Amino acid sequence: MTCHTDESPIYWLFNAMSLPLRERMNLSQDHSTLTIDPVRREDAGKYQCKVSNPISSTESAPVVLDVKY
């Protein structure tokens, strides 16, 4: 998944909470791209990216990852 923004830092949310990075998850150097490999059923849910500064913060619309097994 890729978050397109000119702002930084970028944070990732999973089901509206801070994403706990697992061993199978990697972030690009600028944190704009989240890769999950291999994907497992526990990865299913809503993913969002969030950017913030001292004045405001903004979250993307959620993207739902549906894992078929």
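Not measured: the values here are computed from a predicted model.

## Here's the deal with the pattern of salt bridges
Then step 1. As enumerated under the stated definition, the model contains four salt bridges in all.
Then step 2. Notably, a salt bridge pairs Arg-22 with Asp-43, separated by 3.3 Å at the nearest N-O pair. On the criterion of sequence distance, the pair formed by Arg-22 in the loop between strand S2 (17–18) and strand S3 (25–27) and Asp-43 in the loop between strand S4 (34–36) and strand S5 (45–52) is long-range, its members being 21 residues apart.
Then step 3. Using a relative accessible area of 0% as the deciding quantity, one classes Asp-43 as buried.
Then step 4. Measuring nitrogen to oxygen at the nearest pair gives 3.0 Å for the salt bridge that ties Asp-66 to Lys-68.
Then step 5. Under the relative-accessibility criterion, Lys-68 is labelled exposed at 71%.
Then step 6. A single network of salt bridges, built from pairs that share partners, joins Arg-22, Arg-24, Glu-42 and Asp-43.

## Examining the packing of aromatic side chains
Then step 1. What the rule picks out here adds up to one aromatic pair.
Then step 2. Taking the centre distance of 4.9 Å and the plane angle of 50° together, the rings of Phe-14 and Tyr-47 count as tilted. Taken together, the residues span a long stretch of sequence, with Phe-14 in strand S1 (residues 10–14) and Tyr-47 in strand S5 at a distance of 33 residues. This pair shows no difference in class: Phe-14 is buried, exactly as Tyr-47 is.
Then step 3. Positioned over the ring face of Tyr-69 is Arg-41, at 4.6 Å from the centre of the ring.

## Digging into the UniProt feature "domain: Ig-like" (unreviewed entry) in the protein
Then step 1. The UniProt feature table records "domain: Ig-like" (unreviewed entry) at residues 1–66.
Then step 2. Secondary structure over residues 1–66 splits into 0% helix and 41% strand, and the C-alpha atoms at its two ends are 13 Å apart.

## A look at the state of the cysteines
Then step 1. For the structure shown, the criterion picks out one disulfide.
Then step 2. Residue Cys-3 pairs covalently with Cys-49 via a disulfide, S to S 2.0 Å. An S-S torsion of about 65° defines the bridge between Cys-3 and Cys-49 as right-handed. Residue Cys-3 is located in the segment before S1, and its partner Cys-49 is located in strand S5; the two are separated by 46 residues in the primary sequence.

The rules we used
- Residues numbered from 1 in each chain as written.
- Predicted model: local features only at pLDDT ≥ 70, side-chain atom pairs only at ≥ 80, totals over all residues.
- Heavy atoms only, no water.
- Salt bridge = Lys/Arg side-chain N within 4 Å of Asp/Glu carboxyl O.
- Helix = DSSP H or I, 4+ residues; strand = E, 2+ residues; numbered from the N terminus.
- Buried < 20%, exposed > 50% of the residue type's maximum accessible area, 1.4 Å probe, protein only.
- Phe/Tyr/Trp six-rings, centres within 6.5 Å; stacked < 30°, edge-to-face > 60°.
- Lys NZ or Arg CZ within 6 Å of the ring centre and 35° of its normal.
- UniProt positions renumbered as here; feature names shortened; annotations may be inferred.
- Disulfide = S-S within 2.5 Å.

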